[in-house]
Amino acid sequence: MTVSSLAFFPRLLDAASPGPIDDAPAAERYRLATDQIRHAERFGIGRAWVAQHHFRAAEGGLPAPFVFLAHVAAATSEIRLGTGVVTLPLEDPVRVAEDAVVADLLSGGRIDLGLGSGGTPSSFIPFGQDVAAKAAVFDEKLGVLIDALAGREIGGGNTLYPDASSTRSRLADRIWQATFSAGGGARAGGHGHGLLLSRTQPRPADAPGATLAELQHPIIDRYLDTLPAGVAPRITASRTVFVADDRADARRFAEAGLRRAAEGFRRSGQLIPGDTLDELIAATDTHLGTPEEVAASLATDTTLGRATEVAFQVHSVDAPHDHVLRSIELFATEVAPALGWAARDRSLEPFGRLGKETP
């Protein structure tokens, strides 16, 4: 399997440390994120993902992703736009379907619908939901959402309008699921959905030194095992990547951001070993430095050889906006080509060393 595309996550949508962008008012954060997505499009990046987070600015600050993506769609022309993710247990699935299909029509069929079960327990309370029941609620609401997007009756003789099955390509065929577990991979595969893999994830107590690839290969295995015959796999692997012209700059920006991120992870109960910058870089699965250093670091990640898309994001490196723009440029023009990508027609071709099957 080869990776055929690149995607970008704007950094304001992270559940990590506050920094220059996170300290800005909401309107400014949305403007800067829009600028970053437009910059990514100019350099041939194929998709931009945005995450939904309720209530807390430091956790992302975007409660209404479809509103934002409709705005971004008007400011761009080709880049695909995805939710990575909508927290489905906190939403009305019919309203999610309605918002998604309208945004898809306004964007010219560029919306991808990524879904997740949620990761911030306190956010469930204002919505009257029990976080302990989120898996069951997710499954129930997913069924309603799938029926709505397929044009089936969803109660009272009603079907979705606008009809999602009449868009340029069926929105129901562009659903993705995010998960940390092999069981979640099996669920996504069983539905024929895309699989969204996180940039980092908690290590189990019995394997605190496990690599991210060691945790994610079993998820991919279960996903591929359950994918219906004839359905092409869609696997997006998100990674924290910050590319700079100078290694010292990269480390300087990372110092504050990764320390705040590590403390946040620790407060949530995750084990983040070590306290030196190099230990924090390793513990948070961060790839940073010059283009040559980042290319070498990514080349060791065997998960990426099984992905159909790599999504890079600056989180949790605490870099100013202009350095984020430069990181996007360096990744697209130096890191990706060094790994075998070739830009053509504003898209990126499969790359070599990371595009090999994992033994």
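**Student:** Go over the overall build of the protein with me, naming the residues and quoting the values.
**Tutor:** Secondary structure summary: the protein contains ten helices and eleven strands in total. Burial status across the protein gives 53% buried among its 359 residues. Residue pairs in contact within the protein that sit at least 24 positions apart in sequence constitute 73% of those at least 6 positions apart. Carbon and sulfur atoms form 54% of the exposed surface of the protein, whose accessible area is close to 14,400 Å².

**Student:** So what about the packing of helix H1 (residues 26-42) against helix H2 (residues 65-75)? Which residues, and what values?
**Tutor:** Packed helix pairs are characterised by how far apart their axes lie and by the angle those axes make with each other. Viewed as axis vectors pointing N to C, H1 and H2 meet at an angle of 45°, and their least axial separation amounts to 10 Å. Taken together, the axis directions place H1 and H2 in an arrangement best described as oblique. Between H1 and H2 the crossing geometry is right-handed. Where H1 approaches H2, its residues Tyr-30, Ala-33, Thr-34, Ile-37 and Arg-38 are matched on the opposing element by Phe-68, His-71, Val-72 and Ala-75. Broken down by class, the residue content of the contact of H1 with H2 amounts to six nonpolar, two polar and one charged.

**Student:** Account for helix H7 (residues 247-267), with residues named and values stated.
**Tutor:** Structurally, the α-helix is built with 3.6 residues per turn, so residues lying three or four positions apart point the same way. Here H7 spans 30 Å end to end across 21 residues, near enough to the 30 Å set by a 1.5 Å rise per residue. Along its length, H7 reaches its greatest deviation from straightness, about 35°, at Glu-255. Among the residues making up H7, those that are buried are Ala-250, Phe-253, Ala-254, Gly-257, Leu-258, Ala-261, Ala-262 and Phe-265. Contacts from the buried residues of H7 go to strand S7 (235-243), helix H8 (277-283), strand S8 (286-289) and helix H10 (321-338).

**Student:** Account for unusual backbone geometry, naming residues and giving values.
**Tutor:** Residues apart from glycine generally show negative phi values, whereas peptide bonds are mostly found in trans. Backbone torsion omega between Gly-84 and Val-85 reads 20°, so that peptide bond is classified as cis. Among the secondary structure elements, Val-85 is positioned in strand S3 (residues 80-87). In this model, His-315 is joined to Ser-316 through a cis peptide bond whose omega is 0°. Mapping Ser-316 onto the fold places it in the loop between strand S9 (309-313) and H10. At Asp-285, a position not held by glycine, the phi torsion is positive, near 55°. Asp-285 gets classed as buried once you look at its relative accessible area, which sits at 11%.

**Student:** Can you explain the nonpolar core? Please cite residues and give values.
**Tutor:** Core analysis: the biggest nonpolar cluster contains 82 residues, and Leu-81, Leu-115, Leu-149, Phe-242 and Phe-331 have the highest contact counts within it. Apart from the residues lying within four places of it in its own chain, the contact partners of Phe-242 are Ala-250, Phe-253, His-287, Leu-288, Gly-289, Val-294, Val-314, Val-317, Ala-319, His-323 and Ser-327.

**Student:** Summarise the packing of aromatic side chains; cite the residues concerned and give the values.
**Tutor:** Considering all chains together, one arrives at six aromatic pairs under this definition. With a centroid separation of 6.0 Å and an interplanar angle of 50°, the aromatic rings of Tyr-30 and Phe-68 are classed as tilted. Of this pair, Tyr-30 sits in helix H1 while Phe-68 sits in helix H2, placing them 38 residues apart in sequence. The exposure class of Tyr-30 is partly exposed, given its relative accessible area of 25%. Given a relative accessible area of 7%, Phe-68 falls into the buried group. Plain terms: the ring middles of Phe-312 and Phe-331 are 4.2 Å apart, the flat faces sit at 20° to each other, and that makes the pair stacked. Placement of Phe-312 in strand S9 and of Phe-331 in helix H10 is noted, with a sequence separation of 19 residues between them. Accessibility assignment for this pair places Phe-312 and Phe-331 in one class, buried.

Rules used throughout
Residues numbered from 1 in each chain as written. Predicted model: local features only at pLDDT ≥ 70, side-chain atom pairs only at ≥ 80, totals over all residues. Heavy atoms only, no water. Helix = DSSP H or I, 4+ residues; strand = E, 2+ residues; numbered from the N terminus. Buried < 20%, exposed > 50% of the residue type's maximum accessible area, 1.4 Å probe, protein only. Contact = heavy atoms within 4.5 Å. Areas by Shrake-Rupley, 256 points an atom, 1.4 Å probe, with all protein chains shown as cover. Axes fitted to C-alpha atoms, helices over the stretch in contact; angles between N-to-C directions. Parallel < 35°, antiparallel > 145°, perpendicular 65-115°, else oblique. Left-handed = near helix turned anticlockwise from the far one by under 90°. Nonpolar A, V, L, I, M, F, W, Y, C, P; charged D, E, K, R; others polar. Expected span 1.5 Å × (residues − 1). Bend = angle between axes of the 7 residues up to and from the residue. Core = buried A, V, L, I, M, F, W, Y, C linked by side-chain atoms within 4.5 Å. Phe/Tyr/Trp six-rings, centres within 6.5 Å; stacked < 30°, edge-to-face > 60°.

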